[in-house]
Amino acid sequence: MFTIDAHLDLSMNALEWNRDLTLTVEQINQREREMGMNDKPDRGNATVSLPALREAEIGLVVATQIARYVAPGNPLPGWHSPEQAWAQTQGQLAWYRAMEDKGEMVQINNLASLEEHVTRWQDGTESGKKPVGYILSLEGADSIVNLSYLEKSYQAGLRALGPAHYGPGRYAPGTDASGPLGPKGRDLLREMERLSIILDATHLCDESFWEALDHFNGPVWASHNNCRALVNHNRQFSDEQIKALIDRGAVIGGALDAWMMVPGWTKGVSLPREMNCDLEKVVDHLDHICQLAGNADHIGIGTDLDGAYGREQSPYDLETIADISRIPGMLQKRGYSSEDIQQVMHGNWLRFLRDAWG
């Protein structure tokens, strides 16, 4: 089934992890093991590559740029100036452009390109390798040196933006931080609204989440977020936040980072099988949202696989991202109709994008 994944850090993996994503997942992992690489905790445990996306019929992804600025005293890793962070995102953009030149990917940035690409993937007449479509997203706005850079980013194809990531940010506090947006964050939202850039509410701390919804009148989604009712942490959304997103017509993508799927996870210690973390757990989160909404119109897939972790922190029954093709069967066993399942795998994201770009 044609599938949309609303959150993948492809360029980060290509450049910071030095992975050739045109290879199979097996080839990527074999090379890392043979080289004895241990600079990252997930070496040899990759789950994502372009061939694996095609295997699962994931024909469209929301693909990120990401670069954090860290002010003095901030213990998180990141760049020491916004200009350095901007340069990092431009290197990531250059990788996406190189994948386009190679015929591996194609940028989707308006309604016409979306419809053409979806038809290409769904009509079943074309044989051979189809390019994976990508919608460019910025995870954390620290690299936007000033608001004129947002216009530059839009011209380069940026269509979604999450103002925050982890910790304090230049425009919004994120996961494990607290506080309001402040004037710079509100100015960013106004410029996003002018440019019709989608607001990704993922990673906003609670206070900035509510302030963002109050100040932003454009389209809002949550590309990769699970439920606080099932895993009690500020990274997840409370039921009140989920209901507010539903009221805004948002779609929420179920994420496959194990610590977000099951309670009691200790990073660097817990293992997926001993924590009984399998793909059914993300279906639990998706189903919880459906119970709040009263329908299946506000859920989708936003895996975040290989988002600075690998199989050691993914569902134990997932070898590669291609295994998410089993989710439709899991939904069917829970009583979801064929129409609902199509909505989850691609239809809800498509409806959202058609409304946002129409």
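Residues numbered from 1 in each chain as written. Predicted model: local features only at pLDDT ≥ 70, side-chain atom pairs only at ≥ 80, totals over all residues. Heavy atoms only, no water.

## Describing the overall build of the chain
Working step 1: On a plain count of helices and strands, the chain comes out with 13 helices and nine strands.
Working step 2: Looking at the chain as a whole, 59% of its 358 residues are labelled buried.
Working step 3: In the chain, the proportion of contacts linking residues at least 24 apart, taken out of those at least 6 apart, comes to 72%.
Working step 4: With the model as given, the accessible surface of the chain reaches about 14100 Å², and the carbon-plus-sulfur share is 48%.
Working step 5: Taking the 32 positively charged and 50 negatively charged side chains of the chain as two groups, their mean positions are separated by 3 Å. (Helix = DSSP H or I, 4+ residues; strand = E, 2+ residues; numbered from the N terminus. Buried < 20%, exposed > 50% of the residue type's maximum accessible area, 1.4 Å probe, protein only. Contact = heavy atoms within 4.5 Å. Areas by Shrake-Rupley, 256 points an atom, 1.4 Å probe, with all protein chains shown as cover. Lys, Arg positive; Asp, Glu negative; His and termini not counted. Charge placed at Lys NZ, Arg CZ, Asp CG, Glu CD.)

## Considering the environment of N146
Working step 1: Tracing the backbone through its elements, the reader meets N146 in the loop between β4 (132-139) and α6 (147-155).
Working step 2: Overall, N146 belongs to the partly exposed group, its relative accessible area being 36%.
Working step 3: The sequence separation of N146 and E83 amounts to 63 residues, and the corresponding C-alpha distance is 9.8 Å.
Working step 4: At 2.4 Å, the side chain of N146 forms a polar contact with the side chain of S148. (Polar contact = N/O pair within 3.5 Å; in protein donor to acceptor, adjacent residues only side chain to side chain.)

## Re the pattern of salt bridges
Working step 1: On inspection of all chains with the given rule, the structure shows 20 salt bridges.
Working step 2: Between R354 and E115 there is a salt bridge whose closest N-O contact spans 2.9 Å. One end of the pair, R354, is in helix α13 (residues 338-357); the other, E115, is in helix α5 (residues 111-122), and 239 residues separate them in sequence.
Working step 3: The class of E115 is partly exposed, set by a relative accessible area of 28%.
Working step 4: Taken together, the salt bridges that share partners define one network made up of R19, E32, D39, D42, R43 and D306. (Salt bridge = Lys/Arg side-chain N within 4 Å of Asp/Glu carboxyl O.)

## With respect to α13
Working step 1: The end-to-end C-alpha separation of α13 is 26 Å, in line with the 28 Å expected for 20 residues at 1.5 Å each.
Working step 2: Maximal helix bending in α13 amounts to about 65°, located at V344.
Working step 3: Those residues of α13 not exposed but buried are I341, V344, M345, H346, G347, N348, W349, L350, F352, L353 and W357. (Expected span 1.5 Å × (residues − 1). Bend = angle between axes of the 7 residues up to and from the residue.)

## Digging into the pairing of β4
Working step 1: Of all eight residues in β4, eight are buried, a share of seventy percent or more.
Working step 2: Alternating positions in β4 separate into two faces, V132, Y134, L136 and L138 on one and G133, I135, S137 and E139 on the other, with burial throughout.
Working step 3: As judged from the six bridges shared by strand β2 (residues 58-65) and β4, these two strands associate in the parallel manner. If you follow V61 over to β4, its bridge partner there is Y134.
Working step 4: Where β4 and strand β5 (residues 158-162) come together, four bridges link them in parallel fashion. Pairing of L136 across the sheet is with L158, part of β5. (Pairing = 2+ DSSP bridges.)

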